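# Summary of structural features
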Amino acid sequence: MNLSVVGAGHVGLVTGACFAQMGHRVICVDNDAKRIARLKRNVMPYYEPGLEALVRKHAKSGRLRFSARLVDGVRFGEVIFIAVGTPPKANGEADLTYVEGVCRDIARAMTSYRIIVEKSTVPVETGKWLRRTIAMNLKTKVPFDVASNPEFLREGTGVHDFLNPDRIVIGVESDAARKKLLQVYQPLKAPTVVTDIASAELIKHASNSFLAAKISFINAVAQVCDRVGADVEKVAEGMGLDRRIGKFFLDAGIGFGGFCLPKDIEAFIHIADKLGVDFRLLKEVARINEEQRAILVKKIEERLWNLKQKTIAVWGLSFKPHTDDMRLAPSIDVIGRLSAAGAKVRAYDPEAMGEARRCLNGTVFCSDPYRAAKGSDCLVLLTEWPQFQKVDWKKVHRMMEHPIVVDGRNFLDAAVVRRHGFEYVGMGQGRP
Ligand code: NAD
């Protein structure tokens, strides 16, 4: 099929490349002309494992093309996926102006039947607005369908997730749109939920909120563990073996970040409020998540007394491993708190240093984990990059002023770290 994807970001570019891999012909459109020019030279706009290889392969096969002109996308694709950003406004509400702008411009350029699909994460009832906006802006009277097809990929494993989804969700209001979208995804042979548009929109917000709730739940349990000397890792293991609970998203630590969970729960709280539902459970999920960062900083303070003039080494800056995405990363909050208390921060991240420089002022960026540890009073792990498990702890010990490790992700092998003479502090491991 001929497909168009508008927005060549973390979701749009992966979607376009994977559609090409599935055998479709795809055009990816973005209004960032520099990004498109670089993509035409196979230069990726961000780090995502496996993406560059796929883009190169299908640029060569001719199944994946790029354009900075929306009209090219409107002419080409019988189905047009909107994958532009839906950032949070100051009050938590999703900012839908990019989605609105794109669908208005699509309508103005449409000359024959098209299916316009929300791929971006949007609040329930956005489909209704899409339909109205398109109808209002058509230049000629052409038929169209609106649909919802939320994306569940995770950054860092985006390509794999897209091609091997747990489920595909399709929200439609016509038989023609249902048939076309099932045809788009037919090569994946994944379980598919076909429903109305509002339900599809809600599946995405409800899923992300539920995952966030699982994380905040185990973090609240971790706070209790710290007080009674219990080990949250064991508690999570014991809970997770119950198939009704499951072991995923039960990792205690400094909480969730990134451009999905935090913004999506805020958007869900906001739309629920607007519809007259006070979703207090989700407000508490967000509050616990914030609290985790304060708890981590308190753990450092409890070891160093005053933070003023202390040097803190930070390992890991991206909101999760295998990405360079710094959007709403917990490291920004934690480093902000450390700096506000007068500490000097020396940081290292395997991929996110470029992005981090843009949002972390006053931090010294180091070219490897050992240099970051040099002269530090405490080392803090914020992102669970696998290479941090393989460091030479003897060398780290030599570099540091005081051998204290605070593991914000319970990721390091505590026994190994302690064996090398460090004081090791985890989250919810019986040591406040
Ligand atoms: P992103 O910021 O990485 O990408 C958005 C892209 O849209 C950018 O390249 C931007 O230049 C482009 N754009 C903006 N306005 C445009 C316009 N008028 N015309 C053409 N292009 C335009 O954002 P993202 O992380 O890919 O997220 C996109 C959506 O997908 C959001 O709603 C997000 O919540 C959702 N989502 C994200 C993830 C994720 O892991 N990042 C996962 C699932 C869903």
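Residues numbered from 1 in each chain as written. Predicted model: local features only at pLDDT ≥ 70, side-chain atom pairs only at ≥ 80, totals over all residues. Heavy atoms only, no water.

Strands sit in the order E11-E10-E9-E12-E13-E14 across an open sheet of 6 strands; the sheet is parallel. Two strands close off the open sheet at either side, each with one partner strand: strand E11 (364-365) and strand E14 (423-425). Relative to strand E10 (residues 344-348), strand E9 (residues 311-315) runs parallel, the two being bridged by 5 bridges. Among the inter-strand pairings, Val314 is bridged to a residue of E10, identified as Ala347. Along the sheet face, helix H12 (residues 280-304) touches E9, strand E12 (378-381), strand E13 (404-407) and E14 and points at about 165° away from the line of E13. (Pairing = 2+ DSSP bridges. Helix = DSSP H or I, 4+ residues; strand = E, 2+ residues; numbered from the N terminus. Contact = heavy atoms within 4.5 Å. Axes fitted to C-alpha atoms, helices over the stretch in contact; angles between N-to-C directions.)

Our focus in this paragraph is helix H5 (residues 97-109). In a regular helix each residue adds 1.5 Å, so 13 residues correspond to 18 Å; H5 covers 18 Å between its end C-alpha atoms and thus fits that length. Val99, Gly101, Val102, Cys103, Ile106 and Ala107 are the residues of H5 that are buried. Packing partners of the buried residues in H5 comprise strand E1 (2-6), helix H4 (70-76), strand E4 (79-82), strand E5 (114-118) and helix H6 (126-137). (Expected span 1.5 Å × (residues − 1). Buried < 20%, exposed > 50% of the residue type's maximum accessible area, 1.4 Å probe, protein only.)

This next bit is on the packing of aromatic side chains. Scanning the entire structure with this criterion turns up 9 aromatic pairs. Judged by centre distance (5.0 Å) and plane angle (50°), the ring pair of Phe19 and Phe81 falls under tilted. Of this pair, Phe19 sits in helix H1 (residues 12-21) while Phe81 sits in strand E4; the two residues are 62 residues apart in sequence, bridging distant segments of the chain. Taking the relative accessible area as the measure of exposure, Phe19 reaches 0% and is therefore buried. (Phe/Tyr/Trp six-rings, centres within 6.5 Å; stacked < 30°, edge-to-face > 60°.)

Quick look at the environment of Glu401 now. If you trace the backbone, Glu401 turns up in the loop between helix H16 (393-399) and E13. Apart from residues lying up to four places away in sequence, Glu401 is in contact with Gly375, Ser376 and Asp377.

This part takes up unusual backbone geometry. Phi is positive for Lys189, which is not a glycine, with a value near 50°. With respect to the secondary-structure elements, Lys189 resides in the loop between helix H8 (175-185) and strand E8 (192-195). Its identity is not glycine, yet Asn410 carries a phi of approximately 50°, on the positive side. Within the secondary structure layout, Asn410 lies in the loop between E13 and helix H17 (414-419).

Within the fold, Asn219 resides in helix H9 (residues 197-228). Asn219 sits in the buried class, given a relative accessible area of 0%. Those residues within four positions of Asn219 in sequence are excluded, and the remaining contacts are Asp251, Ala252, Gly253, Gly255, Ile288 and Gln292.

Here we come to the domain arrangement of the protein. According to the domain assignment, the protein contains domain 1 (2-195) and domain 2 (210-425). Computed over C-alpha atoms only, the centres of domain 1 and domain 2 are separated by 33 Å. Approximately 1500 Å² of surface area, both sides summed, lies buried where domain 1 meets domain 2, with 57% of it carried by carbon and sulfur atoms. Together, Tyr47, Glu93 and Glu155 form the three largest contributors to the area buried by domain 1 at its contact with domain 2, with a combined 37%. At the boundary of domain 1 and domain 2, one finds 2 salt bridges. (Domains from an automatic or database assignment. Buried area = accessible area lost by both parts, 1.4 Å probe. Salt bridge = Lys/Arg side-chain N within 4 Å of Asp/Glu carboxyl O.)

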